[in-house]
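Report on the structure
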Amino acid sequence: MKRFAVVLFVCFSVSSLYSQDALTLRNEGNKAMVAQQWAIALAKYEKALTVWGKRPTDQAMIFSMGACAYRVNDMKKSLKYIDMSIAAGHNLDMAYQYRLCIMKAQNNNDEYLKTLKEGLVKVPNSKVMKETLAKYYFTEGDKHYHEALAIMKTAVAQVKAGKYPVSDKAFKDQNDKARMELKEAMKYMNMSLELNPNDENAKTVKTNCQNQLNMLI
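Throughout what follows, the structure given in this document is the object of discussion. (Residues numbered from 1 in each chain as written. Predicted model: local features only at pLDDT ≥ 70, side-chain atom pairs only at ≥ 80, totals over all residues. Heavy atoms only, no water.)

Quick notes on the environment of A43
For the record, the criterion: Helix and strand labels come from DSSP, where a helix needs a run of H or I of at least four residues and a strand needs a run of E of at least two; each type is numbered from the N terminus.
Within the secondary structure, A43 is located in helix α2 (residues 38-50). A sequence separation of 15 residues divides A43 from E28, and the C-alpha atoms of the two residues are 10.0 Å apart.

Structure follows, in structure tokens:
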């Protein structure tokens, strides 16, 4: 019985030592992060995680690991820890913003948009994500608007060059293409204005689209 008690004490002591080591490493990581020593902080945090044991997960540390990994340009590792934060529901607004930055760094446009939409569902009052999605919609709409202008410019140039008259089917086809682009542009501008009603640029482009639609034959 005495021998069993000794073994139990040793096991408890080792377990406590590991736990203390984990907390020490985490605190060292925190100090390194404050000093903006991102690589050192990440290394300390990851060592802490390996000896963390059964104590409750430190979600703030996990989030910091994702942030540090992003700072040292390790996007794969950053995504891993940021996704862990999102899954745990920790600091969701900032976690989704980091995820957006990661997707942008990876040129993953589809996942970028998916992250934006999902983030706004989870954090509907996020000012930054609302503005970011509004900007995304504006940019997409602006592309369609300028594509319409380019089509119309080409069509007018063809008429002036005597390629075909305005009554020709070719001119009508060009007008139809421009009309489709303008309608797409207006759709995106409306989506942008739903999120950011005071965006004067979106209002201007939308008005311009309507004016151009009224002028098309």
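A few points about the packing of helix α3 (residues 59-71) against helix α4 (residues 75-88)
As a reminder, the rule being used: Fitting a line to C-alpha atoms yields each axis, with helices limited to the stretch in contact; the angle taken between N-to-C directions then spans 0 to 180 degrees. To sort the angles, those under 35 degrees are grouped as roughly parallel, those over 145 as roughly antiparallel, those from 65 to 115 as roughly perpendicular, and the leftovers as oblique. Crossings are classed by handedness, with left-handed meaning an anticlockwise turn of the near helix from the far one by less than a right angle and right-handed meaning a clockwise turn. In this analysis, two residues are considered to be in contact whenever any of their non-hydrogen atoms come within 4.5 Å of each other. When residues are sorted by character, Ala, Val, Leu, Ile, Met, Phe, Trp, Tyr, Cys and Pro go into the nonpolar class, Asp, Glu, Lys and Arg into the charged class, and all the rest, Gly among them, into the polar class.
Between α3 and α4, whose axes approach to 7 Å, the crossing angle comes to 150°. On the basis of the axis angle, α3 is roughly antiparallel to α4. In this structure, α3 crosses over α4, and the sense of that crossing is left-handed. On α4, the residues touching Q59, I62, F63, M65, G66, A67, A69 and Y70 of α3 are M75, K77, S78, Y81, I82, M84, S85 and A88. In terms of residue class, the contact of α3 with α4 is built from 11 nonpolar, 4 polar and 1 charged.

Some points on the side chain of D58
Which entries qualify depends on this criterion: We define a polar contact as two N or O atoms separated by no more than 3.5 Å, with the added condition that, inside protein, one atom must be a possible hydrogen donor and the other a possible acceptor, whereas residues neighbouring each other in sequence contribute only through side-chain atom pairs.
Considering the arrangement of structural elements, one finds D58 in the loop between α2 and α3. At 3.0 Å, the side chain of D58 and the side chain of R26 are in polar contact. Setting aside anything within four residues of it in sequence, one finds D58 in contact with R26 and W52.

A few points about the pattern of salt bridges
Going by this rule: Salt-bridge detection follows one rule: a side-chain nitrogen of Lys or Arg within 4 Å of a carboxyl oxygen of Asp or Glu. Whether a residue is buried, partly exposed or exposed follows from its accessible area with a 1.4 Å probe, protein chains only, as a fraction of its type maximum: under 20%, in between, or over 50%, in that order.
A full pass over the atoms with the stated rule returns 11 salt bridges. Between K77 and E46 there is a salt bridge, and its shortest N-O distance comes to 3.3 Å. Residue K77 is located in helix α4, and its partner E46 is located in helix α2; the two are separated by 31 residues in the primary sequence. Residue class for E46 comes out partly exposed when judged on its relative accessible area of 22%. Linked through salt bridges whose partners overlap, the residues forming this network are D83, R99 and E111.

Quick look at the side chain of S85
One can find S85 in helix α4. Polar side-chain contacts of S85 include one of 3.5 Å to the backbone nitrogen of F63. The residues touching S85, leaving out its near neighbours within four places in the chain, are Q59, I62, F63, H90 and A95.

Quick word on the state of the cysteines
So the rule is basically this: In this description, the term disulfide denotes a pair of cysteine sulfurs within 2.5 Å.
Scanning the entire structure with this criterion turns up 0 disulfides. Between C68, a cysteine without a disulfide, and C101, which holds the nearest cysteine sulfur, the sulfur-to-sulfur distance is 15 Å.

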